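If you want the building blocks of each chain, they are given just below.
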Amino acid sequence: MSDLGKIDREFFERQVAPNLGAERDDVAVGPQHGVDFGVLEIGGRALVTATDPVSIMPQLGLERAARFALDLVLADVAVSGIPPSHLSICFTLPETMTDDQFATVWKTIHEECVDLGVAVVTGHTARYSDPSYPWVGAATAMAVGDPDEIVRPDGARPGDRLLLTTGPAVESVGLLSTLFADQLAGDLSDDVLSSAQDRLAEVYCVRDALAAAAAGPVTAMHDVTEGGLAGALNEMAAGAGARFSVDRDSVPMRPGVREVCDFLEMDPWAATSSGSLLLAVDSEGVDDVVAALEDRDTVVAEIGSVEPGTDGGDVLVDGDRLPHPNVDPSWRAYAELADAADE
């Protein structure tokens, strides 16, 4: 198990996978390492569901922090191609959070849910003595739809093309350059730091996922979170039992990302990048999906193809094997910057 961040595949297979409660026939997609959502099939309908922490970072401004937190929760359902429709949310608030601050967070979440057509159906809200920012709760997103319309996490097929939106490390760079701007300002130019901070405007992918699925056919989608692009490629390839062949030069790199990653000695391909989507698309649908995303002013590039592979799947970048990073370097970078800030 890695020291920080999500558990690795070995820990999941050893500790979690053998102990999943009762077996039920209505579970169509159950827990799998690297898979974003589960699926229940009930009465001919599919219930897509996913659970994530609620992370609120007041330094971003409470409204922006709340939108970011909600998008992270809803994204794991949106990559199924079925629009999120319901939300269950639990807040374990720190004692330092005032009523007015919570009201700002909650109103922002409400307004975003209204815009997306998501109803809050249940939850829990309380203050406790131990919780601290950013981890202030957890939420379960749900979507109800036609089982045949689900974009399955293991659906990539030989002949599909691989698309990537936004690019590697956008979330990590946007957050670190904003949260620790004073520490980075002495070593990075104002232009680089400003460009890096602008990346926070690109950390939202729910609407991109739904637009891509509607334009498809999209055969698989994965949001590029912990483990970054390298992790997402390996997880999606493993699910499909396919080989992903990637052209490194085709992968978009947003302004400010390379410079911040180099300074922090952080591999951008291994760092979390919420807001980026990895998509496998039927070759006949590539132009339509690209057009739908570009209509949203979303950066998108074709980065490779899906080829026949082994049961475990693998990823080649310019012909060389790309392993799963297992540990996300953004956790180390955050810890080092936070420790330096406290000194």
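Here the structure is a predicted model, which means the values were calculated and not measured. (Residues numbered from 1 in each chain as written. Predicted model: local features only at pLDDT ≥ 70, side-chain atom pairs only at ≥ 80, totals over all residues. Heavy atoms only, no water.)

**Quick notes on the UniProt feature "domain: PurM-like C-terminal" (unreviewed entry) in the protein**
Here's step 1: Per the UniProt annotation, the sites labelled "domain: PurM-like C-terminal" (unreviewed entry) are residues 157-311.
Here's step 2: The distance separating the terminal C-alpha atoms of residues 157-311 is 13 Å; by composition the span is 41% helix and 19% strand. (UniProt positions renumbered as here; feature names shortened; annotations may be inferred. Helix = DSSP H or I, 4+ residues; strand = E, 2+ residues; numbered from the N terminus.)

**Some remarks on the UniProt feature "domain: PurM-like N-terminal" (unreviewed entry) in the protein**
Here's step 1: The sites that carry the UniProt feature "domain: PurM-like N-terminal" (unreviewed entry) are, in the present numbering, residues 36-137.
Here's step 2: With 34% helix and 37% strand, residues 36-137 has end C-alpha atoms that lie 19 Å from one another.

**Some words on helix H10 (residues 286-295)**
Here's step 1: Along H10, the positions that sit buried rather than exposed are Val 286, Val 289, Val 290, Ala 292 and Leu 293. What you see down the axis of H10 is that its buried residues fit within an arc of 160°, all on one side. With respect to the buried face of H10, the exposed residues turned more than 90 degrees away are Asp 287 and Asp 295.
Here's step 2: Structurally, H10 contributes buried residues whose contacts are with strand S7 (161-165), helix H7 (206-215), strand S8 (218-223), strand S10 (277-281) and strand S11 (300-308).
Here's step 3: A positive backbone phi angle near 60° is found at Asp 297, which sits one or two residues after H10. (Buried < 20%, exposed > 50% of the residue type's maximum accessible area, 1.4 Å probe, protein only. Arc of directions from axis to C-beta. Contact = heavy atoms within 4.5 Å.)

**Notes on the sheet that holds strand S6 (residues 135-145)**
Here's step 1: Taken in spatial order, the six strands make up an open sheet running S1-S2-S3-S6-S4-S5, and their pairing is mixed. Each edge of the sheet is formed by a strand with only one pairing partner; in this case those strands are strand S1 (27-29) and strand S5 (119-128). Going across the sheet, the axis of each strand differs from the next one's by a mean of 20°, ignoring polarity.
Here's step 2: As defined by bridge partners, strand S3 (residues 45-55) adjoins S6 across nine bridges and the pair is classed as antiparallel. Within S6, the residue paired with Asp 52 across the bridge is Ala 139.
Here's step 3: Seen against the sheet, helix H2 (residues 62-78) touches S3, strand S4 (86-94) and S6 and runs at an angle of roughly 145° to S3. (Pairing = 2+ DSSP bridges. Axes fitted to C-alpha atoms, helices over the stretch in contact; angles between N-to-C directions.)

**Side note on the pattern of salt bridges**
Here's step 1: Tallied over the full model, the rule gives 14 salt bridges.
Here's step 2: Of the charged contacts in the structure, one is a salt bridge between Glu 10 and Arg 14, with a shortest N-O distance of 3.6 Å. Residue Glu 10 and its partner Arg 14 are both found in helix H1 (residues 9-16); the two are separated by four residues, about one turn of the helix.
Here's step 3: Relative accessible area serves as the criterion here: at 58%, Glu 10 is assigned to the exposed category.
Here's step 4: The residue Arg 207 makes a salt bridge to Glu 112 at a minimum N-O spacing of 3.0 Å. (Salt bridge = Lys/Arg side-chain N within 4 Å of Asp/Glu carboxyl O.)

**Quick look at the domain arrangement of the protein**
In many analyses, interface size is given as the accessible surface area lost on bringing the parts together.
Here's step 1: Along its sequence, the protein is carved into domain 1 (9-149) and domain 2 (160-342).
Here's step 2: Between the C-alpha centres of domain 1 and domain 2 the distance comes to 21 Å.
Here's step 3: Contacts between the two partners involve 25 residues from domain 1 and, on the opposite side, 21 residues from domain 2.
Here's step 4: Contact between domain 1 and domain 2 buries roughly 2000 Å² in total, counting both sides, with carbon and sulfur atoms accounting for 66%.
Here's step 5: In this assembly, domain 1 and domain 2 are joined by two salt bridges. (Domains from an automatic or database assignment. Buried area = accessible area lost by both parts, 1.4 Å probe.)

**Observations regarding the side chain of Ser 330**
Here's step 1: Among the secondary structure elements, Ser 330 is positioned in helix H11 (residues 329-342).
Here's step 2: Using a relative accessible area of 10% as the deciding quantity, one classes Ser 330 as buried.
Here's step 3: Contacts of Ser 330, omitting those with residues within four sequence positions, involve Ser 172, Met 266, Ala 271 and Thr 272.

**Some points on the sheet that holds S7**
Here's step 1: Across the sheet, which stays open at both edges, the seven strands sit in the order S8-S10-S7-S11-S9-S12-S13 with mixed pairing between neighbours. Lying at the two open borders of the sheet, with one neighbouring strand each, are S8 and strand S13 (320-321).
Here's step 2: Direction of pairing for strand S12 (residues 314-317) relative to S13: antiparallel, over a ladder of two bridges. For Val 317, the partnering residue across the bridge sits in S13 and is Asp 320.
Here's step 3: Strand contacts of helix H8 (residues 228-240): S7, S8, strand S9 (242-246), S10, S12 and S13, with the helix running at about 145° to S9, the strand carrying the most contacts.

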